[in-house]
Amino acid sequence: EAGVAQSPRYKIIEKRQSVAFWCNPISGHATLYWYQQILGQGPKLLIQFQNNGVVDDSQLPKDRFSAERLKGVDSTLKIQPAKLEDSAVYLCASSLGGTGGQPQHFGDGTRLSIL
Amino acid sequence: AQTVTQSQPEMSVQEAETVTLSCTYDTSENNYYLFWYKQPPSRQMILVIRQEAYKQQNATENRFSVNFQKAAKSFSLKISDSQLGDTAMYFCAFMKLNQGGKLIFGQGTELSVKP
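Attention in this report is confined to the structure presented alongside it. (Residues numbered from 1 in each chain as written. Chains lettered and ligands numbered in written order. Predicted model: local features only at pLDDT ≥ 70, side-chain atom pairs only at ≥ 80, totals over all residues. Heavy atoms only, no water.)

Re the nonpolar core
Applied cut-off: We call a set of buried residues a nonpolar core when its members are Ala, Val, Leu, Ile, Met, Phe, Trp, Tyr or Cys and they connect through side-chain atoms within 4.5 Å of each other. Only protein chains enter the accessibility calculation, which uses a 1.4 Å probe. A residue is then buried if its area is under 20% of the maximum for its type, exposed if over 50%, and partly exposed in between. What counts as a helix is a DSSP run of H or I of at least four residues, what counts as a strand is a run of E of at least two, and both are numbered from the N terminus. Contact between two residues is taken to exist if any of their heavy atoms lie within 4.5 Å; hydrogens are not considered.
Within the largest apolar cluster, 26 residues are counted, with the highest numbers of intra-cluster contacts made by Y25, W36, F75, L77 and Y90 of chain B. For this core, the element with the highest residue contribution is strand β10 (residues 88-96) of chain B, accounting for four residues. Other than its neighbours up to four places away in sequence, F75 of chain B contacts C23, Y25, L34, F35, W36, Q51, V66, N67, F68 and C92 of chain B. W34, L77, I79 and A88 of chain A belong to the second largest nonpolar core, which has 21 residues in total.

Shown next as structure tokens:
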């Protein structure tokens, strides 16, 4: 079974520039998550999709971050404009969803550095 | 709101010995799920073990086992016969029932297994 695919693996940009990350979940997984992991901390949920609808985006800084999951499969996360504090690893995860405590499967993440 | 606390930022253990990582959490919920994830330097989060709060029996996966104390809101991970490949960051995570699978992570414990 193919895992969660993410690209790019690394990205370096200057502040105020824009950047986009891509995620392809495990086939058949209805739920997709984007997490932000700042160095030395645990991941924090940014946004959660169920199929192509948003379930939770309460911690997404909507003035600069946006995400979409067209057709309920792959997803993109965009930051525009980037700030120094956005330097982090961005992790994508997917799961079967539902209420049964299904574990999440994570991709390798994208390490973003803001200069 | 739920919180997860890992009070040991770093730990080390000799190869083949046993080590226990601590985790406490705060919630008013009665039914929920708890997880331990491992994050090696490659960054991919890997599920180690999962516990359902309504099950009194502690979960076990090969060399990994948990000590789940629901009343004390404690969820520690025991690694037996430690191997060099166990070197990684370990995160404890909480999932509320019926919340679509959102994970709340602790700050992590960096485990080093020494030869």
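Focus: the state of the cysteines
Here is the rule: Here, the term disulfide refers to a pair of cysteine sulfur atoms separated by no more than 2.5 Å.
For the structure shown, the criterion picks out two disulfides over all chains. What pairs with C23 of chain A in a disulfide is C92 of chain A, and their sulfur atoms sit 1.9 Å apart. Taking the sign of the torsion about the S-S bond as the criterion, the disulfide between C23 of chain A and C92 of chain A, at about -70°, is left-handed. One end of the pair, C23 of chain A, is in strand β3 (residues 19-24); the other, C92 of chain A, is in strand β9 (residues 88-95), and 69 residues separate them in sequence. Across the pair, exposure class does not vary: C23 of chain A and C92 of chain A are buried alike. The partner cysteine of C23 of chain B in its disulfide is C92 of chain B, sulfur to sulfur 2.0 Å. Between C23 of chain B and C92 of chain B, the disulfide has an S-S torsion of -70° and is therefore left-handed. Taken together, the positions of C23 of chain B in the loop between β3 (19-21) and β4 (24-26) and C92 of chain B in strand β10 put the pair 69 residues apart, joining distant regions of the chain. For C23 of chain B, a relative accessible area of 1% puts it in the buried group. Judged by its relative accessible area of 1%, C92 of chain B is buried.

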